[in-house]
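Observations on the model geometry
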Amino acid sequence: MSKPPAIIAIDLPAGLLEDLRRSVTPIVTGSDPAAIAEALPRAEGILCSALFPLPAETLDRAPRLRVISNFGVGYNNVDLEAATARGIAVCNTPGVLSGAVADLTMALILAIARRLFANAAYVRAGGWSRREPPPPLGWDPAGKTLGIIGFGRIGQAVALRAQAFGMEVVYHDLVNEPVEGLEDCRPVPLEELLELSDVVTLHVNLDPSTHHLIGARELALMKPTAWLINTSRGQVVDQQALAAALRDGTIAGAALDVLDPEPPAPDEPLLAMENVIVLPHVGSATVETRAAMRDMAVRNLVAVLTGRTPPSCVNP
Ligand code: DGY
């Protein structure tokens, strides 16, 4: 029996690609847009990065498609309604990357608190040899309030880490109920979270309800000493409003692993601001986590194409 044809738009190590070939015929390997466009009408599956756009128009050019296996937990790159209407399973890789994203978030909290980047810049500028002015002072995370918006797997993993550093955790989610093992974390309305928190961190999915969830009104509710961290999706924040809030001192700073768009335009104002830390979307970028994500994405693809239940499917 012939094996179902699939586009493999991310790099897979040779061993994993060999495993995959036992059940699937890769008709494209790699992310060349022209090769993918040419292969789409024949493809029954596509394994792609969670940043690869799959709007309804593209799905129209893929009449045989049965599964989109996203390499990542976010799936805002896919028109879910259009995929569901066409009977296409949309799969993702939750869980395996929660620890890595939470680690990065905690690293940013500590970097902000201890002014890591400002101190490194101070040394590079020769400040240490002059000793004048003295190096910038940080603050202790213990006793400070962390506001977590989106209290799913990643948000909860951040809470565990922050509690280990003595932070008070409040959170806001669609389901504002106490979470087992995290009973000390307090669910609060969004406005209260913004007013209370010394650091606000975002861990929501991007969908129409979370698009520009943080805009001028929300930033104005935050303390002037507070920082905003975003490791979710750039579009959750109104970037123009954020730049304005950072410029006029409405909030103290922002640490952003995600932007809108990605990569940003070279003249993106946030890139030039001293109170902004920008990373190139590396929340899940560790050797171990990326390997686990690749493995799960391959299992999702193969399961659907061979008539089995995939480890994680987001549409009914
Ligand atoms: C995810 O898993 O959604 C990460 O942001 C990688 O795209």
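An unreviewed UniProt entry lists the chain under the name Glyoxylate reductase, with Tepidiforma thermophila as the source organism. The UniProt entry for the chain carries the following text under Sequence similarities (unreviewed entry): "Belongs to the D-isomer specific 2-hydroxyacid dehydrogenase family."

**Some details on the packing of helix H5 (residues 98-113) against helix H8 (residues 153-164)**
At their nearest, the axes of H5 and H8 sit 8 Å apart, and the two run at 45° to each other. One way to sum up the angle between H5 and H8 is to call them oblique. Here the hand of the crossing between H5 and H8 comes out right-handed. Where H5 approaches H8, its residues Ser 98, Gly 99, Val 101, Ala 102, Thr 105, Met 106 and Ile 109 are matched on the opposing element by Arg 153, Ile 154, Ala 157, Val 158, Arg 161 and Ala 162.

**Comments concerning the sheet that holds strand E9 (residues 199-202)**
The 7 strands lie next to each other as E8-E7-E6-E9-E10-E11-E12, forming an open sheet whose pairing is parallel. Lying at the two open borders of the sheet, with one neighbouring strand each, are strand E8 (186-187) and strand E12 (276-278). When strand E7 (residues 168-172) meets E8, the two strands line up parallel, connected through 2 bridges. Looking at E8, one finds that Tyr 171 is bridged to Pro 187. H5 rests against E9, strand E10 (227-230), strand E11 (253-256) and E12 of the sheet, and its axis sits at about 155° to E10. Its contacts with the sheet place H8 against strand E6 (145-149), E7 and E9, and it is angled at close to 165° to E7.

**With respect to the UniProt feature "domain: D-isomer specific 2-hydroxyacid dehydrogenase catalytic" (unreviewed entry) in the chain**
Per the UniProt annotation, the sites labelled "domain: D-isomer specific 2-hydroxyacid dehydrogenase catalytic" (unreviewed entry) are residues 29-315. The span residues 29-315 is 35% helical and 14% strand by assignment, and the distance between its end C-alpha atoms comes to 26 Å.

**Describing the sheet that holds strand E4 (residues 67-71)**
Pairing within the open sheet is parallel, and its 5 strands lie in the order E2-E1-E3-E4-E5. At either margin of the open sheet sits one strand with a lone partner, and together these are strand E2 (25-29) and strand E5 (89-91). Taken over all neighbouring pairs, the strand axes of this sheet differ in orientation by 20° on average, direction set aside. Sheet topology note: the strand E3 (residues 45-49)/E4 ladder contains 5 bridges and is parallel.

**Things to note about the site of the ligand**
Residues in close proximity to the ligand include Ala 50, Leu 51, Gly 72, Val 73, Gly 74, Leu 97, Gly 283 and Ser 284, which together make up its full environment. Taken together, the residues of the shell around the ligand sort by class into 4 nonpolar, 4 polar and no charged.

**Some thoughts on the UniProt feature "domain: D-isomer specific 2-hydroxyacid dehydrogenase NAD-binding" (unreviewed entry) in the chain**
The feature "domain: D-isomer specific 2-hydroxyacid dehydrogenase NAD-binding" (unreviewed entry), as given by UniProt, occupies residues 106-283 in the numbering adopted here. Across residues 106-283 one finds 31% helix and 15% strand; the C-alpha atoms that close the span lie 11 Å apart.

**Structural notes on the domain arrangement of the chain**
Examined at the domain level, the chain breaks down into domain 1 (5-96 + 288-305) and domain 2 (98-278). Computed from C-alpha coordinates alone, the two centres of domain 1 and domain 2 are separated by 32 Å. Counting from both sides, the interface comprises 6 residues of domain 1 and, opposite them, 8 residues of domain 2. Here the residues of the side of domain 1 that touches domain 2 sort into 2 nonpolar, 4 polar and no charged.

Criteria and thresholds
- Residues numbered from 1 in each chain as written.
- Predicted model: local features only at pLDDT ≥ 70, side-chain atom pairs only at ≥ 80, totals over all residues.
- UniProt positions renumbered as here; feature names shortened; annotations may be inferred.
- Axes fitted to C-alpha atoms, helices over the stretch in contact; angles between N-to-C directions.
- Helix = DSSP H or I, 4+ residues; strand = E, 2+ residues; numbered from the N terminus.
- Parallel < 35°, antiparallel > 145°, perpendicular 65-115°, else oblique.
- Left-handed = near helix turned anticlockwise from the far one by under 90°.
- Contact = placed C-beta atoms within 7 Å.
- Pairing = 2+ DSSP bridges.
- Near = placed C-beta within 6 Å.
- Nonpolar A, V, L, I, M, F, W, Y, C, P; charged D, E, K, R; others polar.
- Domains from an automatic or database assignment.

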